[in-house]
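Breakdown of the fold
Here is how the chains run, residue by residue.
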Amino acid sequence: MKEIRTEDAVGQVLCHDITQIIKDEKKGVLFKKGHIIRKEDIPALLSVGKEHLFVWEKQEGILHENEGAEILYRICAGDHMHGSDIREGKIELIADCDGLLKIRRDALMAVNSLGEMMIASRHGDFPVKKGDKIAGTRIIPLVISQEKMDHAVKAAGEEPVFSILPFHPKKVGIVTTGSEVQKGLIKDTFTPVLREKLAEYSCEITGQTMPGDNRNQITSDILAFIKQGADMVICSGGMSVDPDDRTPGAIKDTGTEIVTYGAPVLPGAMLLLSYYSDKSGKRIPVLGLPGCVMYAKRTIFDLILPRIMADDPITADEISSYGEGGLCLNCTVCTFPNCGFGK
């Protein structure tokens, strides 16, 4: 660092905090270490008796923390987000729309493993709303080498670390299974739960059928909804191994591609996820939801629904990865799984 006259300090970087004291009003930091001095700052600096300052002396191959932060931001920022102003080597990423946060986790790990810099974010594959802070980047020391930042760019690869997939409105058909519901022996308490969850994503429920436990009728109802233009079909109940539980077989009979029947998540182990491909090649999710969705606050349905609404294809391997953190305790501060749903 070097000493410089305050009047000559425009564009220079402060190496120390500047404190301002106003009797009975204020005692605090006027300008923080790392602040880049502007012309309009000079009167304020002189007013607190700072006629000379210690500033950072620019060296070849060495970047100020704010310059490093800008590089980190360019590494991170993908579609549908913007950056905050730089403060103390930190830039935050802000969502520009409602959608699903996607993270290139290998790139995130690679950059964070370099040291002297960090990227912290929300959990990926969870919903975010417009205006949400989704990530923060920071250079940890006051200065960092250009070579180190070049390594970060290379480690991250060509694609942004973060992106947001916007949600799309969908038409949904509901097939409510179970002879007890069809015959009116019990009240349908499953569909109100589905309506509430789907309403969060601007879904239009185009219809509901109650085929009981008739396997052929369940299959027929699913195909009828698809023919009518449904973007998703949800079958509620009938997902266990009891003799009268026909839903898995009925879904299979439609010709869908079964991604998984079963998930390492509690509640939600008996989930069935499949995709039906129509003549145009459109892939329509067809779900078999277990009864736990009806009574538990958070289940496997809450994990896959945001991805379906963002048209983010789900693979069997990804379902398998939900096992770590897949035990939901439905606690006040939700931890399910690596949860983005907690209060």
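Residues numbered from 1 in each chain as written. Predicted model: local features only at pLDDT ≥ 70, side-chain atom pairs only at ≥ 80, totals over all residues. Heavy atoms only, no water.

In terms of nonpolar packing, the biggest core is built from 30 residues, with Met232, Ile234, Leu287, Leu289, Phe301 and Ile304 touching the most fellow members. Within the residue set of this core, elements represented by two or more residues are strand 14 (171-177), helix 6 (190-199), strand 16 (232-236), strand 18 (272-277), strand 19 (283-289), helix 9 (292-295) and helix 10 (300-309). If one sorts the elements of this core by residue count, helix 10 sits on top with seven residues. (Core = buried A, V, L, I, M, F, W, Y, C linked by side-chain atoms within 4.5 Å. Buried < 20%, exposed > 50% of the residue type's maximum accessible area, 1.4 Å probe, protein only. Helix = DSSP H or I, 4+ residues; strand = E, 2+ residues; numbered from the N terminus.)

On to the sheet that holds strand 13 (residues 162-166), then. Strand pairs in the sheet, formed through backbone hydrogen bonds, run parallel or antiparallel to each other. The three strands lie next to each other as 10-8-13, forming an open sheet whose pairing is antiparallel. Both edges of this open sheet fall to strand 10 (127-128) and strand 13, since each of them pairs with a single strand only. Inspection of the sheet shows strand 8 (residues 99-103) paired to strand 13 by five bridges, in the antiparallel sense. Across the sheet, residue Lys102 finds its bridge partner in strand 13, namely Ser163. (Pairing = 2+ DSSP bridges.)

Let us look at the sheet that holds strand 11 (residues 133-139). Taking strand neighbours across the sheet as the criterion, the four strands line up as 6-7-11-9 in an open arrangement whose pairing is antiparallel. Each edge of the open sheet carries a strand with a single partner, namely strand 6 (81-83) and strand 9 (117-121). With direction set aside, neighbouring strand axes in the sheet form an average angle of 15 degrees. Relative to strand 11, strand 9 is paired through five bridges, and the arrangement is antiparallel. Within strand 11, the residue paired with Ser121 across the bridge is Ala135. (Axes fitted to C-alpha atoms, helices over the stretch in contact; angles between N-to-C directions.)

This brings us to the packing of helix 6 against helix 10. Running from N to C, helix 6 and helix 10 point in directions that differ by 40 degrees, and their axes come no closer than 11 Å. Taken together, the axis directions place helix 6 and helix 10 in an arrangement best described as oblique. As helix 6 runs across helix 10, the sense of the crossing is right-handed. Here Leu194, Lys197 and Leu198 of helix 6 lie close against helix 10, whose contacting residues are Phe301, Asp302 and Leu305. Here the contact of helix 6 with helix 10 is built from residues that sort into four nonpolar, no polar and two charged. (Parallel < 35°, antiparallel > 145°, perpendicular 65-115°, else oblique. Left-handed = near helix turned anticlockwise from the far one by under 90°. Contact = heavy atoms within 4.5 Å. Nonpolar A, V, L, I, M, F, W, Y, C, P; charged D, E, K, R; others polar.)

Below, the discussion takes up the pairing of strand 14. Within strand 14, six of the seven residues are buried, which leaves the element mostly enclosed by the surrounding structure. Examined bridge by bridge, strand 14 and strand 15 (residues 204-212) share six bridges and lie parallel to one another. In the sheet register, Val175 faces strand 15, and the bridge partner there is Thr209. Note: strand 14 against strand 16, five bridges, orientation parallel. Its bridge partner lying in strand 16, Thr176 is registered against Ser236.

Before going further, it helps to spend a moment on the environment of Met239. Counting through the fold element by element, Met239 comes out in the loop between strand 16 and helix 8 (247-253). For Met239, a relative accessible area of 3% corresponds to the buried category. Between the C-alpha atom of Met239 and that of Leu271, which follows or precedes it by 32 residues, the distance is 7.4 Å. Dropping the residues within four chain positions of it, Met239 is found in contact with Asp245, Thr247, Pro248, Tyr261, Met270, Leu271, Leu272, Gly288, Leu289 and Pro290.

Here we take up helix 7 (residues 215-227). Taking 1.5 Å of rise per residue, 13 residues should cover 18 Å, and helix 7 covers 19 Å from first to last C-alpha, within 8% of that figure. Ile218, Thr219, Asp221, Ile222, Phe225 and Ile226 are the residues of helix 7 that are buried. For helix 7, the angular spread of the buried residues around the axis is 160 degrees, confining them to a single face. Of the exposed residues in helix 7, those oriented more than 90 degrees away from the buried face are Asn216 and Lys227. Close packing links the buried residues of helix 7 with strand 14, strand 15, strand 16, helix 8, strand 18 and strand 19. Downstream of helix 7 by a residue or two, Gly229 has a phi angle that is positive, lying close to 100 degrees. (Expected span 1.5 Å × (residues − 1). Arc of directions from axis to C-beta.)

Moving on to the packing of aromatic side chains. All told, the structure shown has one aromatic pair when counted by the stated rule. Between Phe167 and Tyr201 the ring centres are 5.0 Å apart and the planes differ by 85 degrees, which places this aromatic pair in the edge-to-face class. Highlighted residues: Phe167 in the loop between strand 13 and strand 14 and Tyr201 in the loop between helix 6 and strand 15, separated in sequence by 34 residues. A cation over a ring is seen here: Arg283 above Tyr275, with NZ or CZ 4.2 Å from the ring centre. (Phe/Tyr/Trp six-rings, centres within 6.5 Å; stacked < 30°, edge-to-face > 60°. Lys NZ or Arg CZ within 6 Å of the ring centre and 35° of its normal.)

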